[in-house]
Amino acid sequence: MSKRTKLIAAFDTNSRSQAEEWSVTLGKTVDAIKLGLEFTYACGLDAVRAVSTGHQLFLDLKLHDIPNTVASGLSALAPLRPALTTIHACGGAEMISRSREALEKAFPDEVHRPRLLAVTVLTSMDDAGLRETGVNATPQEQVLRLGKLAISAGADGLVCSAHEIALLRDALGDKPVLVVPGIRPAGSASNDQKRIMTPTQAAQAGADWIVVGRPITRAPNPALAAQEIMAELASA
Ligand code: C5P
């Protein structure tokens, strides 16, 4: 059997006390917690450290700037010891390889080095949105192009939609770490996510990690909702 797909609970909030509460009630059940732009900008890096202590952290700040600035930014974030962290693939090969070098320098021990994930095309972008930015390719073509670029430049993996897993596995093999948001347990509200898959479907398609926010954090009993997804992944 292949490795179990792991669960990241997205703590999308601007409230430190809310995130601290989830950290206590959910942190031991899920495999990792995600803190992103909203929480980090609202509450600061000390709060990120407090909420993530004792848990694996997916620090999703989607960095994109000139190579030197992104590499320095990652070095500055290293003390938070994220398990996974993100940059934008469209920053280019040099930005990606310098990011990888910065993480290798900060973590000479490969086992503890944060895994560098590249974001390819935001799921909010469609054909027209890409054209507006001068990209004359479909989102799928662009995902593939940027996915190949990112992995060959040193990213460990990609953030992708569940519907892109097969395409990326086909082109890049089993090694890249695929982290997949847009997941909804059967029967739960889709919210604003349009192209969703269940945890079982994403696991069977080859996701290494799934990211689930509202179906856990807005459930009447978040701990129970997380336990149910963990059980689903265990039997996928
Ligand atoms: O509440 P929900 O399960 O939709 O949250 C999904 C999480 O994954 C959010 O933190 C969101 O920022 C993130 N995400 C996403 N789609 C992407 C990339 C990240 O929903 N393409």
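Fair warning: this is a prediction, and the values are worked out from it, not measured in the lab. (Residues numbered from 1 in each chain as written. Predicted model: local features only at pLDDT ≥ 70, side-chain atom pairs only at ≥ 80, totals over all residues. Heavy atoms only, no water.)

A separate point is the packing of helix 5 (residues 93-106) against helix 7 (residues 139-153). At a closest axis distance of 8 Å, the pairing of helix 5 and helix 7 adopts a crossing angle of 40°. Of the possible angle classes, the one that applies to helix 5 and helix 7 is oblique. Where helix 5 crosses over helix 7, the handedness of that crossing is right-handed. In contact with A93, I96 and S97 of helix 5, helix 7 contributes L149, A150 and A153. For the contact of helix 5 with helix 7, the residue count by class is five nonpolar, one polar and no charged. (Axes fitted to C-alpha atoms, helices over the stretch in contact; angles between N-to-C directions. Helix = DSSP H or I, 4+ residues; strand = E, 2+ residues; numbered from the N terminus. Parallel < 35°, antiparallel > 145°, perpendicular 65-115°, else oblique. Left-handed = near helix turned anticlockwise from the far one by under 90°. Contact = heavy atoms within 4.5 Å. Nonpolar A, V, L, I, M, F, W, Y, C, P; charged D, E, K, R; others polar.)

Attention now moves to the UniProt feature "active site" (unreviewed entry) in the protein chain. Following the UniProt record, one finds the feature "active site" (unreviewed entry) at K62. Sequence-distant contacts of K62, defined by excluding residues within four places in its chain, comprise T86, I87, H88, V119 and L122. Of note is the side chain of K62, whose polar atom sits 2.8 Å from the side chain of D60. (UniProt positions renumbered as here; feature names shortened; annotations may be inferred. Polar contact = N/O pair within 3.5 Å; in protein donor to acceptor, adjacent residues only side chain to side chain.)

This brings us to the pairing of strand 3 (residues 57-63). Side chains on a regular strand alternate between the two faces of the sheet. Across the seven residues of strand 3, six count as buried, placing the element largely inside the fold. Here four bridges tie strand 2 (residues 32-36) to strand 3, and the two strands are oriented parallel to one another. Bridge pairing in strand 3 places L35 opposite L59. Pairing of strand 3 with strand 4 (residues 84-88), which is carried by three bridges, proceeds in the parallel orientation. In the strand pairing of strand 4, L59 is matched with T85. The handedness of the strand 3 to strand 4 crossover, carried by helix 4 (residues 67-77), is right-handed. (Buried < 20%, exposed > 50% of the residue type's maximum accessible area, 1.4 Å probe, protein only. Pairing = 2+ DSSP bridges. Right-handed = clockwise from strand over helix to strand, strands pointing away.)

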